[in-house]
Amino acid sequence: MDPSAPQLILGGVAITSTVCGATASLYGVFKGRAPGPLFMFTAMNSGIVAATFFSIREYMVSPILTLTHPGKQYQARRRKLGVKSSDIDESPLTWSDFRTAKLLDSSVSGALAGGILNTFKRGRPGLVPGTTTGAVLCTILQWTFNELDILRIKYASRNSPSIGAPVRASEEQSQEPIIPPVQETKSIMDRILSKFAHKMTDEEYLKRMKAQREAHLRRIAELEGDTPHSTGDKS
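Here is a short report on the structure shown in this document. (Residues numbered from 1 in each chain as written. Predicted model: local features only at pLDDT ≥ 70, side-chain atom pairs only at ≥ 80, totals over all residues. Heavy atoms only, no water.)

## Some thoughts on the side chain of Ser109
Our working rule: A helix here means a DSSP run of H or I that spans at least four residues, while a strand means a run of E at least two residues long, and both kinds are numbered starting from the N terminus. For every residue, the accessible area (1.4 Å probe, protein chains only) is compared with the maximum for its type, and the residue is labelled buried under 20%, exposed over 50%, or partly exposed between those bounds. Under the rule applied, a polar contact is a pair of N or O atoms within 3.5 Å (in protein, one hydrogen donor and one hydrogen acceptor; residues adjacent in sequence only if both atoms are side-chain atoms). Throughout, a contact is declared for two residues whenever any of their heavy atoms are within 4.5 Å.
Topologically, Ser109 is positioned in helix 5 (residues 103-122). Look at Ser109 and you get buried, because its relative accessible area is 0%. Looking at Ser109, its side chain comes within polar contact range of the main-chain oxygen of Asp105, at 2.7 Å. Apart from residues no more than four positions distant in its own chain, Ser109 is found in contact with Phe53, Ile56, Arg57 and Val61.

What follows is the structure in structure tokens.
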């Protein structure tokens, strides 16, 4: 099992509850209803669904697939966890691997979670509809998340010359480019502060330095002007 599974579950539940609750509250505002109760009710229900889904995926489905599936991404997981495996494929991950990352995991977990929750709500007739809906919905959401992650990586590659060159070189060699090394990510607090921080231009910096210099020169002139008077008083 991935040691980061508890953090993934808590993060998934928090994000799902917040997004669903905020969406429901905005809908309530447009419809003239109180947004507070809608937020709480929707956040609680979506949190239960998310907790069921992520728990099944991280504690059951993903560990089983990691140990048994011969795919490249699962081999990479086994190497990361230090699990010995006879299948060795150390080729770099491609865009296709990123698009299919955890796609099977989420599909199976969505089917199980949807079947369990819908059966609990509607009885045995809800098993098949819940399984189908959960599998399709979770597959689409995971694919969308993967595409957004690819866009993030491409954007970071274009804005960083140090990691942009390997991408262009790999694209010339094959249609599936090799993923460049990922830079160190900033913390959430650093990202928030960077949004509000003002980056000083060269002209602003020069003006500030000139103002400080003039202030120091005036202070020196004042001190020099006071010196003769002080010596005269002593004499």
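Following the structure, the description resumes.
## Focus on the nonpolar core
Operational definition: By nonpolar core is meant a set of buried Ala, Val, Leu, Ile, Met, Phe, Trp, Tyr and Cys residues that side-chain atoms within 4.5 Å join together.
Counting 11 residues, the largest nonpolar core consists of Ile9, Val13, Ala50, Phe53, Phe54, Ile56, Val61, Leu65, Tyr74, Ala113 and Cys138. Among all residues touching Phe53, those that are not within four sequence positions of it are Ser106, Ser109, Gly110, Ala113 and Cys138.

## Regarding the packing of helix 2 (residues 35-68) against helix 5
Stated precisely, the cut-off is as follows: Interaxial angle, 0 to 180 degrees, is taken between N-to-C directions of lines fitted to C-alpha atoms, where a helix line uses only the stretch in contact. Note that the term roughly parallel is reserved for angles under 35 degrees, roughly antiparallel for angles over 145, roughly perpendicular for angles of 65 to 115, and oblique for everything else. Take the far helix as your reference; a near helix turned counterclockwise from it by less than a right angle gives a left-handed crossing, and one turned clockwise gives a right-handed crossing. In the scheme used here, Gly and all other residues not listed as nonpolar or charged are polar, with Ala, Val, Leu, Ile, Met, Phe, Trp, Tyr, Cys and Pro taken as nonpolar and Asp, Glu, Lys and Arg as charged.
Interaxial distance between helix 2 and helix 5 falls to 8 Å at its minimum, and their mutual angle equals 130°. Compared by their axis directions, helix 2 and helix 5 come out oblique. Of the two elements, helix 2 crosses helix 5, and the hand of that crossing is right-handed. Between helix 2, through Val49, Thr52, Phe53, Ile56, Arg57, Met60, Val61, Ser62 and Leu65, and helix 5, the contact on the second element is made entirely by Leu104, Asp105, Ser106, Val108, Ser109, Gly110, Leu112, Ala113, Ile116 and Leu117. The class makeup of the residues in the contact of helix 2 with helix 5 is 12 nonpolar, 5 polar and 2 charged.

## Examining the packing of aromatic side chains
To keep things clear, this is the line we draw: Ring geometry is summarised as follows: Phe, Tyr and Trp rings, the Trp one being its six-membered ring, pair when their centres sit within 6.5 Å, and such pairs are stacked at plane angles under 30 degrees, edge-to-face over 60 and tilted between the two. Whether a charge sits over a ring depends on NZ of Lys or CZ of Arg being within 6 Å of the ring centre and within 35 degrees of the ring normal.
On inspection of all chains with the given rule, the structure shows 2 aromatic pairs. With a centroid separation of 4.9 Å and an interplanar angle of 70°, the aromatic rings of Phe53 and Phe54 are classed as edge-to-face. In this structure Phe54 comes out as buried when scored by relative accessible area, which is 14%. A ring pair is formed by Trp95 and Phe98, whose centres lie 6.4 Å apart and whose planes are at 70°; its orientation type is edge-to-face. Of this pair, Trp95 and Phe98 both sit in helix 4 (residues 95-99), 3 residues apart, roughly one helical turn. Neither Trp95 nor Phe98 differs from the other in exposure class; each is buried. When the ring centre of Trp95 is taken as origin, the NZ or CZ atom of Lys154, which lies over that ring, is 5.2 Å away.

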